[in-house]
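Remarks on the overall topology
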Amino acid sequence: CLATITASADIINLTPKPKDMTTRGGTLVINRASTVGCVGLPDSIIAEADKFINDINTATPLEMSKANTGQGNINLTQTPSYPAEGYKLDITAEGISIEATTTAGFYYAFQSIKKMLPQNVMAGVKDPSVTQYTLPLVTINDEPRYGYRGFMLDVSRHFFTVAEVKRMIDIMAAYKMNVFHWHLTDDQGWRIEIKKYPKLTEVGSIRTNSWTVDMKYGDYWTNEQYGPYYYTQEDIAEIIDYCHQRHIKVIPEVDMPGHFVAAMTSYPQYSCNPSGN
């Protein structure tokens, strides 16, 4: 048996709020060796089940696995009736069922499950103080209200490392955001490697005597070099792949002809005023 019935959960912690959610009294206690039934489904959906199992086993002492045949404690069913990112999640005393049409639908259902478990699960870290992993008994029919759920990161004015960008993408995924608007160039710095034009990063990724703002004292100049800071093409590909695994589209922003000072400094011959500052 996957679960036992205990007192009803007072709060179901889901942000964004699902389109429709019906709660019942009691909770589901996940046993150590729970299984996910996904036999016969497309490889992309099975891959989502594998990622979910890995996330659970990484953050908890549970030893979840895929069911070798037939049904598991958590069962996936692909049906043609749901919108692209929609899903139905039904948690009962007998187990969990997920219905969706697309791989993204199953991904968002798994995100909802992780959000309703103790917070260390979504954080991806073990917490020895958590001895039991429970879910509320609930039926969720969900689909996004908006097709574009975006987050914009400006790495031109202030650079973020690959690890920091990935952390932000993880937070986006936790809140079911699906578009990463990556602001890679501006007057203050060029942050993407273009092998045909190496000076864009050799020169344009550096600024001297950089202007910044302090919350207490206001604007000031640092008199220090900022950079060189930029992403190699391998870094870019790594982050794009990281986004795609989380069903996040990447929109790169490369500004021109305005906000193009970093590029003009690197290649002044392309400026309308090549002898200017």
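In what follows, the accompanying structure is described. Computed from a prediction, not measured in an experiment: that's the story for all the values here.

The rules behind each value
- Residues numbered from 1 in each chain as written.
- Predicted model: local features only at pLDDT ≥ 70, side-chain atom pairs only at ≥ 80, totals over all residues.
- Heavy atoms only, no water.
- Helix = DSSP H or I, 4+ residues; strand = E, 2+ residues; numbered from the N terminus.
- Rg over C-alpha atoms; globule rule 2.2 N^0.38 Å.
- Contact = heavy atoms within 4.5 Å.
- Lys, Arg positive; Asp, Glu negative; His and termini not counted.
- Charge placed at Lys NZ, Arg CZ, Asp CG, Glu CD.
- Axes fitted to C-alpha atoms, helices over the stretch in contact; angles between N-to-C directions.
- Parallel < 35°, antiparallel > 145°, perpendicular 65-115°, else oblique.
- Left-handed = near helix turned anticlockwise from the far one by under 90°.
- Nonpolar A, V, L, I, M, F, W, Y, C, P; charged D, E, K, R; others polar.
- Salt bridge = Lys/Arg side-chain N within 4 Å of Asp/Glu carboxyl O.
- Buried < 20%, exposed > 50% of the residue type's maximum accessible area, 1.4 Å probe, protein only.

Across its full length, the protein chain holds 7 helices and 14 strands. For 277 residues, the compact-globule estimate of 2.2 N^0.38 gives 19 Å, and the protein chain exceeds it by more than 25% at 24 Å. Overall size of the protein chain, expressed as C-alpha extent along the three principal axes, is 75 × 45 × 30 Å. Contacts in the protein chain between residues at least 24 apart in sequence constitute 67% of all its contacts with a sequence separation of at least 6. In the protein chain, 24 side chains carry a positive charge and 30 a negative one; their mean positions are 2 Å apart.

Running from N to C, helix 4 (residues 162–174) and helix 6 (residues 233–245) point in directions that differ by 15°, and their axes come no closer than 10 Å. In terms of orientation, helix 4 and helix 6 fall into the roughly parallel class. Relative to helix 6, the crossing made by helix 4 is right-handed. Of helix 6, the residues touching helix 4 (which contributes Val162, Val165, Lys166, Ile169 and Asp170) are Asp235, Glu238, Ile239, Tyr242 and Cys243. Considered class by class, the residues forming the contact of helix 4 with helix 6 number 6 nonpolar, no polar and 4 charged.

Another point: the pattern of salt bridges. Within the structure shown, the criterion is met by 12 salt bridges. Between Asp170 and Arg246 there is a salt bridge, with the nearest N and O atoms lying 3.2 Å from each other. Linking Asp170 in helix 4 with Arg246 in the loop between helix 6 and strand 14 (249–253), this pair joins segments that are 76 residues apart in sequence. Given the relative accessible area of 26%, Asp170 is considered partly exposed. The exposure class of Arg246 is buried, given its relative accessible area of 17%. Linked through salt bridges whose partners overlap, the residues forming this network are Asp154, Arg157 and Asp186.

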